[in-house]
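# Structural overview
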Amino acid sequence: MPTRTPDEKMTISEVIADLKVAPATFYRWRQLGRGPRSIKLPNGAVRIRRSEYERWLSEREDAA
């Protein structure tokens, strides 16, 4: 298994699989500006830095 790094670029499919949400849900979050920041590549593909994804998840944790 490859070692994951904070700068690893994740595909939207990988993020959706990790979150276990429907693609439509994730795309709606992006449209509303509520998803993690992403990088749009010249070919139109979208990637999300693992560090950004982890930061985004952290911000959504309930306070204990």
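The preceding data block contains the structure.
Residues numbered from 1 in each chain as written. Predicted model: local features only at pLDDT ≥ 70, side-chain atom pairs only at ≥ 80, totals over all residues. Heavy atoms only, no water.

With that settled, the discussion passes to the side chain of R50. Within the secondary structure, R50 is located in helix 3 (residues 50-59). For R50, the residues in contact, after removing those within four places along its chain, are R4, T5, P6, E8 and M10. (Helix = DSSP H or I, 4+ residues; strand = E, 2+ residues; numbered from the N terminus. Contact = heavy atoms within 4.5 Å.)

The next point concerns the pattern of salt bridges. Enumeration over the complete set of coordinates arrives at six salt bridges. Here R50 makes a salt bridge to E8, at a shortest N to O gap of 2.9 Å. Taken together, the positions of R50 in helix 3 and E8 in the segment before strand 1 (9-11) put the pair 42 residues apart, joining distant regions of the chain. A salt bridge links E59 to R60, with the shortest nitrogen-to-oxygen separation between them at 3.6 Å. For R60, a relative accessible area of 41% gives the class partly exposed. One salt-bridge network, in which partners are shared between bridges, spans R37, E52, R55, E59 and R60. (Salt bridge = Lys/Arg side-chain N within 4 Å of Asp/Glu carboxyl O. Buried < 20%, exposed > 50% of the residue type's maximum accessible area, 1.4 Å probe, protein only.)

What follows covers helix 1 (residues 12-19). Every α-helical turn comprises 3.6 residues, leaving residues that sit three or four positions apart pointing alike. Among the residues of helix 1, those classed as buried are I12, V15 and I16. Around the axis of helix 1, the buried residues are gathered within 100° of arc, so they sit on the same side. Opposite the buried face of helix 1, by more than 90 degrees, sit the exposed residues S13 and A17. For helix 1, the secondary structure elements touched by its buried residues are strand 1, helix 2 (23-31), strand 3 (46-49) and helix 3. Two residues or fewer past helix 1, K20 is found with a positive phi of approximately 60°. (Arc of directions from axis to C-beta.)

Listed in full, the nine residues of the largest apolar core are M10, I12, V15, I16, F26, V46, I48, Y53 and W56. When contributions to this core are tallied by element, the ones reaching two or more residues are helix 1, strand 3 and helix 3. Looking at this core element by element, the count peaks at three residues for helix 1. (Core = buried A, V, L, I, M, F, W, Y, C linked by side-chain atoms within 4.5 Å.)

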